[in-house]
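# Structural overview
Take a look at the letters that make up each chain.
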Amino acid sequence: MILQTAVLSILLCSVQSFTLQASFEKSDESSGDTIEEDDFSVSTLIEKANANLGKNPGDPLVMFGDIAVPTDLGNADPCTYDNDENCMWPQASDGNVYVPYLISNQYSPENRKTIIRGLKSFARSTCIRFIPSKGQKDFLYIWSDNGCYSYLGRRGGNQTLSLDIPGCIRRRTIQHELLHALGFKHEHSRSDRDQHVQILWENIKDGNLSPRMGSQPLFPSQTPTCTLARPPR
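Residues numbered from 1 in each chain as written. Predicted model: local features only at pLDDT ≥ 70, side-chain atom pairs only at ≥ 80, totals over all residues. Heavy atoms only, no water.

### Remarks on the packing of helix α4 (residues 42–49) against helix α7 (residues 171–182)
Each pair of packed helices can be described by the angle between their axes along with the distance between the axes. Applied cut-off: Every angle, taken between N-to-C directions, lies between 0 and 180 degrees, and every axis is a line fitted to C-alpha atoms, over only the stretch in contact when it is a helix. A helix here means a DSSP run of H or I that spans at least four residues, while a strand means a run of E at least two residues long, and both kinds are numbered starting from the N terminus. Orientation is classified from the angle alone, with under 35 degrees giving roughly parallel, over 145 giving roughly antiparallel, 65 to 115 giving roughly perpendicular, and any other angle giving oblique. In this analysis, two residues are considered to be in contact whenever any of their non-hydrogen atoms come within 4.5 Å of each other. Polar here means any residue outside two lists: the nonpolar Ala, Val, Leu, Ile, Met, Phe, Trp, Tyr, Cys and Pro, and the charged Asp, Glu, Lys and Arg; Gly therefore counts as polar.
In the contact formed by α4 and α7, the axes pass within 10 Å of each other and the chain directions differ by 90°. Classified by the angle their axes make, α4 and α7 are roughly perpendicular. Contact with α4, carried on its side by Val42, Leu45 and Ile46, involves Arg172, Thr173, His176 and Glu177 of α7 and no other residues of that element. In the contact of α4 with α7, the residues fall into 3 nonpolar, 2 polar and 2 charged.

What follows is the structure, given as structure tokens:
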């Protein structure tokens, strides 16, 4: 259920989705989530954790629930429209995609273990390898800000990803935000969504229709391959 829930809420590569779901079902017992928490979807957990996000000065601009966008650009999501390869994490010559990370010292040893388990979980079924940063220019900086959020794709330099204590320290939530950092949008916002699913708009209660239900252009790395990044040169 752990990554299966996250995968269902975010587009994963079509050739990988079944493998990912089956593989991560085996690790449910070490998830760190309580039985009560398992009753909630990832989107519900994130919505609860982000209840106050955006209300304080200095909070990032967040769209679609948990996707942070830069405020100093004319286009809030340049990776989507410019097809900029620099927005993709590079693929190494061995076929893997190595994403450096640095974890803030805000976290307790137990919280840190939960985050690392979430990072390592991708390696069992994908070509993604999250590795401790050793001075690389581009890396993910995982810290506890106000809520759960991530920028979309590779932004360059010190790229923040927030996992607030305690609301975001759940493996499903950690995996969800990491998928955004890899370049994946929410599945219900895909530009080709209506080619695969039918939205029963009449079943949506008044007042519950949000901009997140609209479709967005696909991020360039959302291709049916394992690479999730540009090929090596």
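### Brief notes about the sheet that holds strand β3 (residues 97–103)
This is how the line gets drawn: One bridge is not enough; two strands pair if DSSP finds at least two bridges between them.
Pairing is mixed in the open sheet, where 7 strands are placed in the order β1-β2-β6-β7-β5-β3-β4. Since the sheet does not close on itself, it has two edges, and those belong to β1 (61–63) and β4 (128–132), each with one partner. Adjacent strand axes in the sheet meet at a mean angle of 35° when their direction is disregarded. Pairing of strand β6 (residues 148–151) with strand β7 (residues 158–163), which is carried by 3 bridges, proceeds in the antiparallel orientation. Residue Tyr149 lies in a different strand from β7, and its bridge partner there is Ser162.

### Some points on the side chain of Ser104
Worth spelling out the cut-off: Any pair of N or O atoms that falls within 3.5 Å is considered a polar contact. Within protein, one atom must be able to donate a hydrogen and the other to accept it, and sequence-neighbouring residues count only if both atoms are side-chain atoms.
Within the secondary structure layout, Ser104 lies in the loop between β3 and α6 (109–120). Polar side-chain contacts of Ser104 include one of 3.0 Å to the side chain of Gln106. Contacts of Ser104, omitting those with residues within four sequence positions, involve Arg112, Tyr141, Ile142 and Trp143.

### A short note on the UniProt feature "active site" (unreviewed entry) in the protein chain
Threshold: UniProt positions are given in the numbering used here, feature names are shortened, and annotations may be inferred rather than shown by experiment. Residue burial is assigned from relative accessible area. The probe radius is 1.4 Å, only protein chains are included, and a residue is buried under 20% of its type maximum, exposed over 50%, and partly exposed in between.
When the UniProt feature table is mapped onto this chain, "active site" (unreviewed entry) is found at Glu177. Assignment of secondary structure puts Glu177 in helix α7. Residue classification places Glu177 among the buried positions, given a relative accessible area of 0%. Sequence-distant contacts of Glu177, that is, excluding residues within four places in its chain, are made with Ile46, Asp66, Cys148, Tyr149, Ser150, Leu161 and Leu163.

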